[in-house]
Amino acid sequence: MNKNKIYHLSQCSTCKRILGNINSSSCELQDIKQDAIQAKELDAMAKIVGSYEKLFSRKALKYRSLGLHLKTLSEKDYRKYILSEYTFLKRPIIQVGNQLFIGNTKEVVAAAKKALE
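In this text, all values refer to a predicted model and were calculated from it rather than measured experimentally.

Viewed as axis vectors pointing N to C, helix α2 (residues 39-49) and helix α4 (residues 75-84) meet at an angle of 140°, and their least axial separation amounts to 11 Å. When the axes of α2 and α4 are compared, the pair comes out oblique. In this structure, α2 crosses over α4, and the sense of that crossing is right-handed. Between α2 and α4, the contacting residues are Ala-39, Leu-42 and Asp-43 on the first element and Arg-79, Ile-82 and Leu-83 on the second.

Listed in full, the buried residues belonging to helix α1 (residues 13-21) are Cys-15, Ile-18 and Leu-19. Looking straight down α1, one finds that the buried residues subtend no more than 100° of arc, so they occupy a single side. Within α1, the exposed residues directed more than 90 degrees away from the buried face are Ser-13, Lys-16 and Gly-20.

Applying the stated criterion across every chain, the model contains 6 salt bridges. Lys-5 is paired through a salt bridge with Glu-28; the nearest N and O atoms lie 3.5 Å apart. In this pair, Lys-5 is assigned in strand β1 (residues 5-8) and Glu-28 in strand β2 (residues 28-31), connecting sequence segments 23 residues apart. Looking at Glu-28, the relative accessible area reads 37%, which means it is partly exposed. Between Glu-41 and Lys-5 there is a salt bridge whose closest N-O contact spans 2.9 Å. With Glu-41 in helix α2 and Lys-5 in strand β1, this residue pair connects regions lying 36 residues apart in the sequence. Residues joined by salt bridges that share partners form a network here, namely Lys-3, Lys-5, Glu-28 and Glu-41.

Moving on to the sheet that holds strand β4 (residues 99-102). Ordered by their spatial adjacency, 4 strands build an open sheet running β2-β1-β3-β4, and the pairing between neighbours is mixed. This sheet does not close on itself; its edge strands, each paired only once, are β2 and β4. Taking the axes of each pair of neighbouring strands and ignoring which way they run, one obtains an average angle of 15° across the sheet. Here 4 bridges tie β1 to β2, and the two strands are oriented parallel to one another. Counted as the bridge partner of His-8 is Asp-31 from β2. Packed on one face of the sheet, α2 meets β1, β2, β3 (93-96) and β4 and runs near 95° to β4.

The next subject is the nonpolar core. Leu-55, Phe-56, Ile-82, Phe-88, Leu-89 and Ile-93 are the most contacted members of the largest nonpolar core, which totals 25 residues. Elements represented by at least two residues in this core include exactly α2, α4 and β4. Top contributing element to this core by residue count: α2, with 4 residues. Beyond its immediate stretch of four places on either side in the chain, Leu-55 contacts Leu-42, Met-45, Ala-46, Val-49, Ile-82, Phe-88, Leu-89, Lys-90, Ile-93 and Ile-102. If you look at the next biggest cluster of nonpolar residues, it comprises 11 residues, including Cys-27, Val-96, Phe-101 and Val-109.

Criteria and thresholds
- Residues numbered from 1 in each chain as written.
- Predicted model: local features only at pLDDT ≥ 70, side-chain atom pairs only at ≥ 80, totals over all residues.
- Heavy atoms only, no water.
- Axes fitted to C-alpha atoms, helices over the stretch in contact; angles between N-to-C directions.
- Helix = DSSP H or I, 4+ residues; strand = E, 2+ residues; numbered from the N terminus.
- Parallel < 35°, antiparallel > 145°, perpendicular 65-115°, else oblique.
- Left-handed = near helix turned anticlockwise from the far one by under 90°.
- Contact = heavy atoms within 4.5 Å.
- Buried < 20%, exposed > 50% of the residue type's maximum accessible area, 1.4 Å probe, protein only.
- Arc of directions from axis to C-beta.
- Salt bridge = Lys/Arg side-chain N within 4 Å of Asp/Glu carboxyl O.
- Pairing = 2+ DSSP bridges.
- Core = buried A, V, L, I, M, F, W, Y, C linked by side-chain atoms within 4.5 Å.

Quick look at the structure:
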């Protein structure tokens, strides 16, 4: 897992803005709605960041509609939900070598931009 890759949603305005602000030309782009993340990829990411929870988006609309906010989720649950529904993967996830930049905060985007330069 040491190539540059960006996991994103092509119709997401935040992802579009971030892709426009960083040098993504050296990156493989993967639209997670069209090309779902594979278990092997997710497992490798979780190993790098230390948990599936760090890759899980609580902002997904289905998080509340499925009542997940009322449950205590395990690492196994986070993995299952991310693999079953693309909206549960935080985005974008920018992979530069063995580094992962997860989410869309200014700090994360700035760090990813610097790593890609």
